[in-house]
Amino acid sequence: MRRLRILTWHVHGNYLYSLSHLPHDFVIPVLADNRPGYCELGTKLPWGDNIRMVPAGRSVANHSISSYTNPGKHTKQIAGNC
């Protein structure tokens, strides 16, 4: 299976940490104000080299995304702050 580059959002650390154990690369859009869904990765979990934070917006398009996960509006509201 070819390695995918997957766009996903940081909604819940443990969920993202579990995803990161798949043999694929993950692109996480972040914003400077760390609003819910666009938070930087914290330091409490040992994130692997297959996760890359990028500024949200047009810069995401520079990463040749193969697929994406959609946490949905409902999930972002439940997650609250990252």
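Please read these numbers as outputs of a predicted model, since none were measured by experiment.

Another aspect to go through is the nonpolar core. Among the nonpolar cores identified, the biggest contains nine residues, and these are I6, L16, L19, F26, I28, V30, L41, W47 and I51. For this core, the secondary structure elements donating two or more residues are α1 (13–19) and β2 (25–30). I28 has contacts with T8, H10, L16, I51, R52, M53 and V54, leaving out every residue within four places of it along the chain. Counting six residues, the second-largest nonpolar core is a separate cluster that includes L7, V11, V27 and V60.

Mapping T8 onto the fold places it in the loop between β1 (5–7) and α1. Every residue in contact with T8, bar those within four places of it in the chain, is listed here: L16, L19, F26, V27, I28, P29 and T69.

Attention now goes to unusual backbone geometry. With phi around 55°, N34 is a residue other than glycine that occupies positive phi space. With respect to the helices, strands and loops of the structure, N34 is situated in the loop between β2 and β3 (51–55).

Thresholds, definitions, all that
Starting afresh in each chain, residues are numbered from 1 along the sequence in its written order. Since the coordinates come from a predicted model, pLDDT governs what is reported: local features require at least 70, and pairs of side-chain atoms require 80 or more to be given and counted, while whole-chain, interface and lining totals use all residues. As a rule here, side-chain values cover all heavy atoms of the structure and leave hydrogens and water aside. As used in this record, nonpolar core signifies buried Ala, Val, Leu, Ile, Met, Phe, Trp, Tyr and Cys residues forming a set joined through side-chain atoms within 4.5 Å. A 1.4 Å probe rolled over the protein chains alone gives each residue an accessible area, and that area as a share of the maximum for its type sets the label: buried under 20%, exposed over 50%, partly exposed in between. Going along the chain from the N terminus, every DSSP run of H or I of four or more residues is numbered as a helix, and every run of E of two or more is numbered as a strand. Contact criterion: two residues are considered in contact whenever any of their non-hydrogen atoms come within 4.5 Å of each other.

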